[in-house]
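# Breakdown of the fold
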Amino acid sequence: MGDTYKLRKRLDAFRGLRFEIENVDEKFQRVCNRMYTVGCPDLSGMPKSSSPGNDKLINIISRRDDLLTRLNELKAKQRSEREAITKAIGKLKSEDEKLVMTMRYLEYKNWTVINMKFYGDKEDFTEKERSYMARVYRMRDKALDKLSDILICP
């Protein structure tokens, strides 16, 4: 069997990539909005520096370009990882294991939602929710064990 620890770290990093992309995108949007705001005129009558390095707009454009480059890099990495993970999950034989892994790592669902999907319609769900959650974790662990042989983790 492969190394499930490295695989879990890889999958968790993939999930975290989503939040990093959202964060960089929010920064990018703020910088873009700042670019188009009207600045206040300088009414002091003092001469302004002619140095373009001090120009606020140039600094904002530079920051915007840096953020856009970073955003594109992150999205490319996410796309590549998503393809590899989707392909590997597709090779699992158990439909339940496929569903658990897809919901958790590709659809970003939390464990409570996944547990409800599998066992929420059971009459004793409220009393045995912890037991059902343990079953979901076992499904995930079995899938991780199988996936660790399919997905190579550096």
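Everything in this summary refers to the structure shown in the same document.

## Comments concerning the overall build of the chain
- Summing up its helical and strand segments, the chain has five helices and zero strands in all.
- Secondary structure elements of the chain, listed N to C terminal, follow the sequence α-α-α-α-α.
- The buried share of the chain, taken over its 154 residues, is 31%.
- The contacts of the chain with a sequence gap of at least 6 include a subset with a gap of at least 24, amounting to 69%.
- Within the structure as shown, the chain displays about 10600 Å² of accessible surface, and the carbon and sulfur contribution to it stands at 51%.

## Focus on helix 5 (residues 129-150)
- Look at helix 5: 31 Å from first C-alpha to last across 22 residues, which is about the 32 Å you get at 1.5 Å a residue.
- Of all the residues in helix 5, the buried ones are Y132, M133, V136, M139, R140, A143, L144, L147 and S148.
- Check the buried side of helix 5 and you find it contacts helix 1 (4-35), helix 2 (56-90), helix 3 (95-106) and helix 4 (111-119).

## Quick notes on the packing of helix 1 against helix 2
- In the contact formed by helix 1 and helix 2, the axes pass within 9 Å of each other and the chain directions differ by 155°. By the angle class used here, helix 1 and helix 2 are roughly antiparallel. Along this stretch, helix 1 crosses helix 2, giving a crossing that reads as left-handed.
- Here the contact of helix 1 with helix 2 is composed, by residue class, of 18 nonpolar, one polar and 13 charged.

## Remarks on the nonpolar core
- With 15 residues, the main nonpolar core has L7, L11, I85, I89, L92, M101 and L147 as its most contacted residues.
- Of all the secondary structure elements, the ones that give two or more residues to this core are helix 1, helix 2, helix 3 and helix 5.

## Considering the packing of aromatic side chains
- What the rule picks out here adds up to five aromatic pairs.
- On the numbers, 6.0 Å between centres and 10° between planes, the contact of F125 with Y132 is stacked. Here the two residues F125 and Y132 agree in accessibility, since each one is buried.
- Clustering of aromatic rings is evident, with ring pairs tying together F118, Y119, F125 and Y132.
- Looking at R135, its charged tip hangs above the ring of Y119, at a distance of 5.6 Å from the centre.

## Comments concerning the pattern of salt bridges
- Enumeration over the complete set of coordinates arrives at nine salt bridges.
- Across the pair E20 and R70 runs a salt bridge, and its minimum N-O distance is 2.6 Å. Within this pair, whereas E20 is found in helix 1, its partner R70 is found in helix 2, the two being separated by 50 residues in sequence.
- Judged by its relative accessible area of 34%, R70 falls in the partly exposed class.

## Focus on the environment of R70
- For the pair R70 and D25, spaced 45 residues apart in sequence, the C-alpha separation works out to 9.4 Å.
- Setting aside residues no more than four positions away along its own chain, R70 makes contact with E20 and V24.
- One polar contact links R70 to E20, side chain to side chain, over a distance of 2.6 Å.

The rules behind each value
Residues numbered from 1 in each chain as written. Predicted model: local features only at pLDDT ≥ 70, side-chain atom pairs only at ≥ 80, totals over all residues. Heavy atoms only, no water. Helix = DSSP H or I, 4+ residues; strand = E, 2+ residues; numbered from the N terminus. Buried < 20%, exposed > 50% of the residue type's maximum accessible area, 1.4 Å probe, protein only. Contact = heavy atoms within 4.5 Å. Areas by Shrake-Rupley, 256 points an atom, 1.4 Å probe, with all protein chains shown as cover. Expected span 1.5 Å × (residues − 1). Axes fitted to C-alpha atoms, helices over the stretch in contact; angles between N-to-C directions. Parallel < 35°, antiparallel > 145°, perpendicular 65-115°, else oblique. Left-handed = near helix turned anticlockwise from the far one by under 90°. Nonpolar A, V, L, I, M, F, W, Y, C, P; charged D, E, K, R; others polar. Core = buried A, V, L, I, M, F, W, Y, C linked by side-chain atoms within 4.5 Å. Phe/Tyr/Trp six-rings, centres within 6.5 Å; stacked < 30°, edge-to-face > 60°. Lys NZ or Arg CZ within 6 Å of the ring centre and 35° of its normal. Salt bridge = Lys/Arg side-chain N within 4 Å of Asp/Glu carboxyl O. Polar contact = N/O pair within 3.5 Å; in protein donor to acceptor, adjacent residues only side chain to side chain.

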